[in-house]
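# Results of the structural survey
Each chain, letter by letter, is given below.
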Amino acid sequence: MILFSIFVFVIGAAIGSFLNVCIYRIPAEESIVRPASRCPSCGHPIRFYDNIPIFSFLLLRAKCRDCGVSISWRYPLIEGITGLMAYLLFLKFGISLNFLVYFIFTAVLIVITFIDIDHQIIPDCISLPGIPLFFLAAVFVIGLPWLEALIGLLAGGGVLLAIALGYELLTKREGMGGGDIKLLAMIGGFLGWKSLIFVLLFSSLSGAVIGIAAMIIKKQDTKYAVPFGPFLSLAAVAYIFWGDLFMRFLIYRH
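Below is a short write-up of the structure. Just so we're clear, the structure is a prediction, and the values are computed from it rather than from any experiment. (Residues numbered from 1 in each chain as written. Predicted model: local features only at pLDDT ≥ 70, side-chain atom pairs only at ≥ 80, totals over all residues. Heavy atoms only, no water.)

Inspection of the secondary structure assignment puts Val 21 in helix 1 (residues 2–25). Sequence spacing of Val 21 and Arg 38 is 17 residues, and the spatial spacing of their C-alpha atoms is 9.8 Å. (Helix = DSSP H or I, 4+ residues; strand = E, 2+ residues; numbered from the N terminus.)

Below is the structure:
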């Protein structure tokens, strides 16, 4: 069991290495398949033994072998996060189709999170195909009732659209991008409408705390933009692990 858990983490970290490629290339509208991984500074192709997740970063002392430029800590961080998510999902679902679907969903959220942090966008090429694909996966693989998934999809996009239009009407400026609306539609379609209570509450609270802290640190006013996609993604992942507990708490309280 321990050896297999390590194996799952290693495979997850290796996939995290590919997610780094997606995060870097998708906003630049480059192919995520060709060319092979290369140093962003000198352009030299990365040797296979220098592309081992996490370990190569440590062995190279966070520097490119060819040009000596520092390698961002983000690369091993994303590899580690993806490996950890693979391990935690394995503990929850075991080796199953559910594990595979939830891991793919989580991997997509990781890509969305870091692209949104870097560029304040959520690419349509991820969210638009993700809405129907994860809706179908929820219904036909996870076994979520189709009506619950459909209401989640429509309500997820509709709730944020209403909030965005209301905010713009009151403040005369855009407060939420269309990418966030599509992302919540994707989340609602995959996790169901019940998840939206938790996701909106968790993401709003965590986003408010981080947003206020960022404004204080940067000494900027409320016009300082904090991307909301990472908080929606974090809330969706949290719901996968703690959603049942949250729903039981709500039912018990009422």
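Before going further, it helps to spend a moment on the packing of aromatic side chains. Under the criterion given, the structure shown has 10 aromatic pairs. Plain terms: the ring middles of Phe 93 and Tyr 102 are 4.6 Å apart, the flat faces sit at 5° to each other, and that makes the pair stacked. With a relative accessible area of 22%, Phe 93 lands in the partly exposed category. Their ring planes at 70° and their centres at 5.3 Å tell us that Tyr 102 and Phe 190 sit as a pair that is edge-to-face. With Tyr 102 in helix 4 (residues 97–119) and Phe 190 in helix 7 (residues 178–191), this pair connects stretches of sequence that are 88 residues apart. Of the two residues examined, Tyr 102 and Phe 190, each falls in the buried class. Members of the aromatic cluster, connected to one another through ring pairs, are Phe 93, Tyr 102, Phe 105, Phe 134 and Phe 190. (Phe/Tyr/Trp six-rings, centres within 6.5 Å; stacked < 30°, edge-to-face > 60°. Buried < 20%, exposed > 50% of the residue type's maximum accessible area, 1.4 Å probe, protein only.)

The next thing to look at is the environment of Leu 161. On the secondary structure map, Leu 161 appears in helix 6 (residues 146–171). The spatial distance from the C-alpha of Leu 161 to the C-alpha of Cys 67 is 47 Å, given a sequence separation of 94 residues.

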